[in-house]
Structure formats: C-alpha cells, structure tokens
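# Survey of secondary and tertiary structure
Here is how the chains run, residue by residue.
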Amino acid sequence: MSSDIGVSSGRVTRSGGARATGVPERASDGPARTSDRGAATRGALLAAARDVFCESGFAQAAVTDIVAKAGASVGSLYHHFNGKADLYLTLFEEFQAGQQERTREAINAVREAGETDPMRQFIAGAGAYLDGCLEERDVARLFISGDGPPGFDRVMRQRLNKWARRNAALFHTADGGTDEALVTVLTGAMAGAVSEISLMNDESAARDHAAKIMAIVGTIRNPGTEQP
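Residues numbered from 1 in each chain as written. Predicted model: local features only at pLDDT ≥ 70, side-chain atom pairs only at ≥ 80, totals over all residues. Heavy atoms only, no water.

### Focus on the UniProt feature "DNA-binding region" (unreviewed entry) in the protein
- As recorded in UniProt, the sites labelled "DNA-binding region" (unreviewed entry) are residues 62-81.
- Annotated as 75% helix and 0% strand, the span residues 62-81 places its first and last C-alpha atoms 14 Å apart. (UniProt positions renumbered as here; feature names shortened; annotations may be inferred. Helix = DSSP H or I, 4+ residues; strand = E, 2+ residues; numbered from the N terminus.)

If you want it as structure tokens, here you go:
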C-alpha cells in the first residue's frame, strides 16, 4: 500500500492516487481512528517516526524500523497514515502548530503588558519561534536538513513565508497596506536564524546567537513610525 511521491510541473503528486498540491494526500480519519487504542497507536507511530527520522534521516528511514520501534505492525501504520512521507509531514504539521501557538501566546503576552510597538511585538513572537526550534532542535534540524519527501523544500518555504506574512501584518503602511520589502527582509532573517541555530550543537551558543539575531532584527526600521 505504499505510495510514491514525485514532483511534476511544480506539484507534488502521488502515483496511482489523487493529485495533491504541495503536501501529499493524507489518510482520512474515520470513527475507528478516534478510539483510545487507535489514538495510542497513532501516537506511538509518530513518536517512533520522529526518533527514526532524526537518527537516520528521511531517505534512509525504513517503515519496518518505525513500526518495530512503535511496537506496531505495518498494517497499523497504513491504517493511520499513507506511508513514510505522510508520517514526516504529520510531524512537520504538528511542530508548526506548536510553533504557531508559541508565537501567538508571546505576542498576546506583550500586548497585555502594554506593548504597542509592532516591531517589539514581532520580536516577541519571533523569539518564541526560535525558542521552539531550540527546545526541539532535533526536529527543527530534521526539517531544514534537505532530507525530506520530494517537494518538501517548497512546503517549508511556503510555510515560513506564510508565518512571516502573518506577523508582518502587525505593520501597516500609510495607505493601510503591507510593506512587501519588510516582509522579504523579515522572512529572510527568520529563515537564516532558524537554519543557523537549529544546526548548532551547543545549545547555550545557539541561544546566544538567537538573541543577537533578534537584537539586530529589532533595529530594522518600523515603516509605521517616523524616523528620528
């Protein structure tokens, strides 16, 4: 029941299945999969996949290794997922959901504390995102390693661009629009920061590097304020 994923005309496609755009087709959830036992099996498979992917990389990871580590069967894996790529993408989506929540909470916290400067709010959210990469550096490193399903690099770029655009919405130009140049700068800065700190082995050095990056980002002109 394995599915092959390839890139054709800029799209990720699944041979013998429905066309997908950007992310391979995901297994649908049915009533049986909401049971406690099913949820436990699914969780065990994801945890095992995370360990195996982080240790061996996506290309070298074997489905048999994942199910053995999870104490499950190959059949149970394909009951919950469409294969190795689906496991990888599910881990990515769960990581990003956690990152989005970290960012939201950090921005809300500084707002509630009375911070109204959009750049300071952005710094709080971006800092929380980098903290998440540091706390889960093995997973963050996996996703930026370039060793993922075909087409995943595009998915990664799109997600980071979406994140940066969402946070750039904190800023407004005089006509109420979005400063596209600022979006480009912030996206590039965050992409570089995520890559650098995720690849650093020394956590203390990585945190120091992240703090310095965010301090530099904080000096970027806020387009909504008058320059001194």
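Structure shown, so let's carry the discussion forward.
### Digging into the packing of aromatic side chains
- Applying the stated criterion across every chain, the model contains nine aromatic pairs.
- Plain terms: the ring middles of Phe 53 and Phe 58 are 5.7 Å apart, the flat faces sit at 40 degrees to each other, and that makes the pair tilted. Here the two residues Phe 53 and Phe 58 agree in accessibility, since each one is buried.
- For the pair Tyr 88 and Phe 152, a centre-to-centre distance of 5.0 Å together with 90 degrees between the ring planes defines the contact as edge-to-face. Taken as a pair, Tyr 88 in helix 4 (residues 84-112) and Phe 152 in helix 7 (residues 152-168) lie far apart in primary sequence, 64 residues in all. The residues Tyr 88 and Phe 152 share a single accessibility class, namely buried.
- The residue whose ring lies beneath Lys 84 is Phe 58, and the NZ or CZ to ring-centre distance is 4.6 Å. (Phe/Tyr/Trp six-rings, centres within 6.5 Å; stacked < 30°, edge-to-face > 60°. Buried < 20%, exposed > 50% of the residue type's maximum accessible area, 1.4 Å probe, protein only. Lys NZ or Arg CZ within 6 Å of the ring centre and 35° of its normal.)

### Considering the environment of Leu 89
- The residue Leu 89 is located in helix 4 in this model.
- The buried category is assigned to Leu 89, whose relative accessible area is 2%.
- A sequence separation of 66 residues divides Leu 89 from Val 155, and the C-alpha atoms of the two residues are 9.6 Å apart.

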